[in-house]
Amino acid sequence: MNQIYMKARAKINLTLEILEKREDNYHNLKSVFQKINLYDEIYIYKNDSSDFELKTNIDELNNEDNIIYKAYSQLKERFNDISGVKVVVNKRIPMQGGLAGGSTDCASFILGMKKLFKLDLNEKEIIELGRSLGADVVPCLYNKAVIAEGIGDVITKIDTNFKYYIVIIKPELSCNTGEMFKKLDREERNLKIDNTNNIVQALENKNIELLSNNLYNAFEEVVETKTIKDEFIKNKAIGALLTGSGSCVFGIFKNKEDAKFAYNNLKDKYKTYICTSYNSTREGNL
């Protein structure tokens, strides 16, 4: 095998509670990450050179600051027999939207390299590599709903294959994660909401009403979402929420027809995407 194709799926956060700030300046969190069927396309090619080449359809990402470059450097340092590699990324996930586009690209690249070069990496080692590259990389290694704790690197898998319909709006506003955390730190926050158990129960029992009624994201305290959430509710969504630190907002729908209705009504006004939840049943799922 000389090449491999990967779908790097985006995520939404069904719950996101930000807990205490750590001594390393990260924050502990508790969140249900849900992979969705909106994805970047990644092609990894072997070649006989010793060079690494990365090409994306976004010019500003074609440099050594790209997290995929950093992942390759760490893999090459550990596995000297890795040959030259060319990576082509077709970005479809909107950037700075809270959908983990960069992190999921990195996670898929690591898994693709493991398969393409038959690298001797177990799950624990892959998680350690992901953790060293970014907080969201670890949950993005799993193509299904998971509970993420710690800085996002402590994972509990959720036993679900629930498929439901989602519409996502990407506003003109883009949110820098670091700045959003700083804003949240300046807030005097006394309210702690942990809906994790309800969300897990909803996913396991395929209960769309329970799911929609327990959505929560602490970043909504510092990101204005009311306008877009109201748009969703007017267009048959049964729940809506900011994802990650923003700026994307998603709506959840009872069925495909309602999701299409909302998409068709909103797509001329906003940058809008329609998709479903994604829960792979593949054993191991990493």
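Before any of the text, the structure's been laid out above.
Model, not experiment: these values are computed from the prediction.

What counts and how
- Residues numbered from 1 in each chain as written.
- Predicted model: local features only at pLDDT ≥ 70, side-chain atom pairs only at ≥ 80, totals over all residues.
- Heavy atoms only, no water.
- 1 Å grid on protein atoms, 1.4 Å probe; cavity = no way out; pocket = protein on both sides within 12 Å on 5 of 7 lines; lining within 4 Å.
- Points joined across faces, edges and corners; volume = space filled by probe spheres on them.
- Helix = DSSP H or I, 4+ residues; strand = E, 2+ residues; numbered from the N terminus.
- Nonpolar A, V, L, I, M, F, W, Y, C, P; charged D, E, K, R; others polar.
- Buried < 20%, exposed > 50% of the residue type's maximum accessible area, 1.4 Å probe, protein only.
- Contact = heavy atoms within 4.5 Å.
- Polar contact = N/O pair within 3.5 Å; in protein donor to acceptor, adjacent residues only side chain to side chain.
- Phe/Tyr/Trp six-rings, centres within 6.5 Å; stacked < 30°, edge-to-face > 60°.
- Salt bridge = Lys/Arg side-chain N within 4 Å of Asp/Glu carboxyl O.
- Arc of directions from axis to C-beta.
- Core = buried A, V, L, I, M, F, W, Y, C linked by side-chain atoms within 4.5 Å.

Enquirer: Explain the layout of surface pockets to me, using residue names and the numbers behind them.
Expert: The calculated volume of the largest pocket comes to roughly 1200 Å³. The set of elements that each furnish at least two residues to the lining of the largest pocket consists of β1 (3–21), β2 (27–47), α1 (67–78), α2 (101–116) and α5 (177–186). Split into classes, the residues belonging to the lining of the largest pocket amount to 20 nonpolar, 19 polar and 10 charged. What the second largest pocket holds in volume is close to 380 Å³. Along the wall of the second largest pocket there are 18 residues; nearest its centre are M6, L111, N143, R282 and L286. Residues belonging to the lining of the second largest pocket are distributed by class as follows: 9 nonpolar, 3 polar and 6 charged.

Enquirer: I'd like to hear about the environment of Y69, residue by residue, with values.
Expert: With respect to the helices and strands, Y69 occurs in helix α1. Judged by relative accessible area, Y69 falls into the buried class, the value being 17%. Once the C-alpha coordinates of Y69 and F52 are considered, the two residues, 17 residues apart in sequence, prove to be 8.2 Å apart. Setting aside its immediate chain neighbours within four residues, Y69 contacts F52, L54, N63 and E64.

Enquirer: How would you sum up the side chain of D153? Please name residues and give values.
Expert: Note that D153 resides in the loop between β5 (146–150) and β6 (154–157). Polar side-chain contacts of D153 include one of 3.3 Å to the backbone nitrogen of I151.

Enquirer: I'd like to hear about the packing of aromatic side chains, residue by residue, with values.
Expert: The description of an aromatic ring pair uses the distance of the two centres, along with the angle that the planes make with each other. All told, the structure shown has 6 aromatic pairs when counted by the stated rule. Note on F52 and F109: the rings are 6.2 Å apart at their centroids and 70° apart in plane angle, and the pair reads as edge-to-face. With F52 in strand β3 (residues 52–56) and F109 in helix α2, the pair connects residues that are 57 residues apart, well separated along the chain. In this structure, F52 and F109 share a single accessibility class: buried. Ring plane angle 50° and centroid distance 5.0 Å describe the contact between F162 and Y164, whose orientation is recorded as tilted.

Enquirer: Quick one: what's the story with the pattern of salt bridges, residue by residue and with numbers?
Expert: Applying the stated rule across the entire model yields 12 salt bridges. Between D40 and K91 there is a salt bridge, and its shortest N-O distance comes to 2.6 Å. Here the residue D40 occupies a position in strand β2, and K91 occupies one in the loop between β4 (84–90) and α2, the gap between them amounting to 51 residues. When its relative accessible area of 0% is taken as the criterion, D40 is described as buried. Under the relative-accessibility criterion, K91 is labelled buried at 12%. In this structure, the salt-bridge partner of R131 is D153, at a minimum N-O distance of 2.6 Å. On the criterion of sequence distance, the pair formed by R131 in helix α3 (residues 123–133) and D153 in the loop between β5 and β6 is long-range, its members being 22 residues apart. The exposure class of R131 is partly exposed, given its relative accessible area of 35%. Within the structure, one salt-bridge network assembled from shared partners comprises D40, K91 and D105.

Enquirer: Tell me about α3, and name the residues and values.
Expert: For α3, every residue scored as buried is listed here: I126, I127, L129, G130 and L133. Projection of α3 onto a plane perpendicular to its axis shows the buried side chains occupying an angular sector of 160°, all on one side. In this structure, the buried side of α3 is in contact with α1, α2 and α4 (137–140). Measuring from the backbone nitrogen of K124 back to the side-chain oxygen at the start of α3 gives 3.2 Å, which picks out N122 as the cap.

Enquirer: Tell me about empty space enclosed by the protein, residues and numbers included.
Expert: As enumerated under the stated definition, the model contains 1 cavity of 30 Å³ or more in all. In this structure, the largest cavity encloses a volume near 30 Å³. What lines the largest cavity is T15, L16, E17, K30, I193, D194, N195, T196 and Y216. In terms of residues, the lining of the largest cavity owes the most to one element, β1, which gives 3 residues. Looking at the lining of the largest cavity residue by residue, the classes come out as 3 nonpolar, 3 polar and 3 charged.

Enquirer: Help me get a handle on the nonpolar core, residues and values and all.
Expert: Core analysis: the biggest nonpolar cluster contains 42 residues, and F109 and M113 have the highest contact counts within it. In terms of residue count, α2 provides more of this core than any other element does, 7 residues in total. Those residues in contact with F109, other than ones at most four positions away along the chain, are I44, F52, I68, A71, Y72, L75 and V87. One finds A10, I36, V200 and L241 within the second-largest nonpolar core, a separate group that totals 28 residues.

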